[in-house]
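# Coordinates in review
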Amino acid sequence: MQSSPVDQLLSRVSNPRLSEPSPSPEILDEVFRCALRAPDHMRLRPWRYLLVEGAHREFLGNLFETASIEASMQRDETLSETQREKLRKMPLRAPLIIVAISKNLPHAKVPMHEQELSVGAGLSYMLLALQSNGFGGIWRTGDMAENAHVKAGLGVQAQERIVGFLYVGTPLGDPKKIEPLDPADFFKVWQP
Ligand SMILES: Cc1cc2nc3c(=O)[nH]c(=O)nc-3n(C[C@H](O)[C@H](O)[C@H](O)COP(=O)(O)O)c2cc1C
């Protein structure tokens with residue numbers, strides 16, 4: 001029996017371990033359409049997404065490495081070969097990486113953080129759409145998302161922000177156990 005959208009939400013987990021295959025073009029089309037249903041103040045469509053797959057992931061890994069070497073030199077530090085290899089291999093952790101970018105358009109009524117939230121909502125919808133199609137993903141950021149060298153290499157403009165790298169693929173192993181949280185700990189009736 002197919003689970004309801006709410007069941008899907010309640011069972012959503014991230015998958016740090018991902019392998020081939022990637023979702024088919026048809027499934028990806030559905031996943032992308034879900035991202036485009038994110039709430040969007042003034043319908044600015046403040047998002048754009050880059051798909052990094054196949055050998056291009058190695059280019060991205062090289063970009064991570066050179067960016068980190070540059071950043072470490074500025075701190076008068078040197079990266080070890082182990083650290084450099086780890087950076088090069090980062091994008092190989094999934095067959096597909098979706099770079100989610102907020103355009104951060106200048107707008108009188110919609111500040112940049114609202115546009116970034118909108119892109120974040122799109123990322124969440126993609127995670128859900130992937131899971132409901134038997135695939136998985138994980139939203140990552142880290143230093144590389146903020147790094148000017150990485151941004152330039154990906155063609156991301158200075159005012160734009162990389163909201164996340166969505167690693168996408170087929171989950172390996174069992175889904176992790178979900179830590180039960182009590183809504184009462186987070187939701188309170190406001191007492192004026
Ligand atoms: C904005 C944002 C950035 C994140 N960056 C990373 C990251 O760089 N590395 C990482 O392992 N997890 C990162 N996470 C957390 C994972 O995506 C994931 O949510 C977390 O491991 C909890 O797992 P769950 O989604 O299954 O509850 C980030 C989450 C968000 C919302």
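Described below are features of the structure shown in this document. (Residues numbered from 1 in each chain as written. Predicted model: local features only at pLDDT ≥ 70, side-chain atom pairs only at ≥ 80, totals over all residues. Heavy atoms only, no water.)

Bringing the packing of aromatic side chains into the picture now. The relation between two aromatic rings is expressed through the spacing of the ring centres and the mutual angle of the planes. Counting across every chain of the model gives one aromatic pair. Centre to centre, the rings of Phe64 and Phe165 are 5.6 Å apart; their planes meet at 75°, and the pair counts as edge-to-face. Here Phe64, found in helix α3 (residues 56–74), pairs with Phe165, found in strand β5 (residues 161–171); they are 101 residues apart in sequence, far enough to count as distant. The class for Phe64 is buried, based on a relative accessible area of 1%. Positioned over the ring face of Tyr167 is Arg140, at 5.3 Å from the centre of the ring. (Phe/Tyr/Trp six-rings, centres within 6.5 Å; stacked < 30°, edge-to-face > 60°. Helix = DSSP H or I, 4+ residues; strand = E, 2+ residues; numbered from the N terminus. Buried < 20%, exposed > 50% of the residue type's maximum accessible area, 1.4 Å probe, protein only. Lys NZ or Arg CZ within 6 Å of the ring centre and 35° of its normal.)

Our focus in this paragraph is the site of the ligand. Neighbouring residues of the ligand: Arg12, Val13, Ser14, Ile138, Trp139, Arg140, Thr141, Gly142 and Lys176. In this structure, Arg12 approaches the ligand through a side-chain N or O atom, which is 2.8 Å from an oxygen atom. Contacts to the ligand include Trp139, whose backbone N or O atom sits 2.7 Å from an oxygen atom. The fraction of the free accessible surface of the ligand (620 Å²) that becomes covered by protein chains is 54%. (Near = heavy atom within 4 Å. Polar contact = N/O pair within 3.5 Å; in protein donor to acceptor, adjacent residues only side chain to side chain. Areas by Shrake-Rupley, 256 points an atom, 1.4 Å probe, with all protein chains shown as cover.)

Once that is clear, we can look at unusual backbone geometry. A cis amide bond, omega -5°, links Glu20 with the succeeding residue Pro21. A positive phi angle, near 65°, is found at Met42, a position not held by glycine. If you trace the backbone, Met42 turns up in the loop between α2 (25–35) and β2 (47–53). The class for Met42 is partly exposed, based on a relative accessible area of 45%. With phi around 60°, Asp76 is a residue other than glycine that occupies positive phi space. Here Asp76 lies in the loop between α3 and α4 (81–89).

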